[in-house]
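# Understanding the architecture of this molecule
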Amino acid sequence: MPDSTPFSRRVRWGIGLLLGGVLVWIAFFDSHSLWQRYRWHQELEATTQENAELRTEVERLRSQLDRPLSDSVVERIAREEYGMKRPGETIHRIEPDE
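These notes cover the structure that comes with them.

Cut-offs used in this document
Residues numbered from 1 in each chain as written. Predicted model: local features only at pLDDT ≥ 70, side-chain atom pairs only at ≥ 80, totals over all residues. Heavy atoms only, no water. Helix = DSSP H or I, 4+ residues; strand = E, 2+ residues; numbered from the N terminus. Expected span 1.5 Å × (residues − 1). Contact = heavy atoms within 4.5 Å. Salt bridge = Lys/Arg side-chain N within 4 Å of Asp/Glu carboxyl O. Buried < 20%, exposed > 50% of the residue type's maximum accessible area, 1.4 Å probe, protein only.

The terminal C-alpha atoms of helix 3 (residues 71-82), which comprises 12 residues, lie 16 Å apart, in line with the 16 Å expected from a rise of 1.5 Å per residue. Two residues or fewer past helix 3, glycine 83 is found with a positive phi of approximately 65°.

What follows concerns the environment of serine 31. In this fold, serine 31 is placed in the loop between helix 1 (6-29) and helix 2 (34-66). Once residues lying within four places of it in the same chain are set aside, the contact partners of serine 31 are Gln36 and Trp40.

Turning our attention to the pattern of salt bridges. For the structure on display, the rule yields six salt bridges. Between arginine 79 and glutamate 75 there is a salt bridge whose closest N-O contact spans 3.0 Å. Remark: glutamate 75 and arginine 79 occur in helix 3; sequence separation between them is four residues, near one turn of the helix. On the accessibility criterion, glutamate 75 (31% relative accessible area) is partly exposed. In this structure, glutamate 75 and arginine 86 form a salt bridge, with 2.7 Å as the shortest nitrogen-oxygen distance. Within this pair, whereas glutamate 75 is found in helix 3, its partner arginine 86 is found in the segment after helix 3, the two being separated by 11 residues in sequence. What emerges from the salt-bridge pattern is a single network uniting Glu75, Arg79, Arg86 and Glu89.

Read these as layout, nothing more, since geometry by itself doesn't imply function.
Spelled out as structure tokens, the structure:
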């Protein structure tokens, strides 16, 4: 029959509390805790998704580079993005209201 003296109960409670404390420490406070691992996993999934989207964007841009630009497209880019104009031409920019 197990010894049920107050001392052995205290020892069992102490061991139980110690093990419980260690489990809580491992689950939440350790540098490699379960919570931290969960957050790393979420970050990895988000980064993997972003990486796939960026690869798709790179492929789309590479396919655009393979096609030559027409003169009208080059002129539009020069006018809109770089503010270029033809000789003797006056440009009036209208900014939209916010």
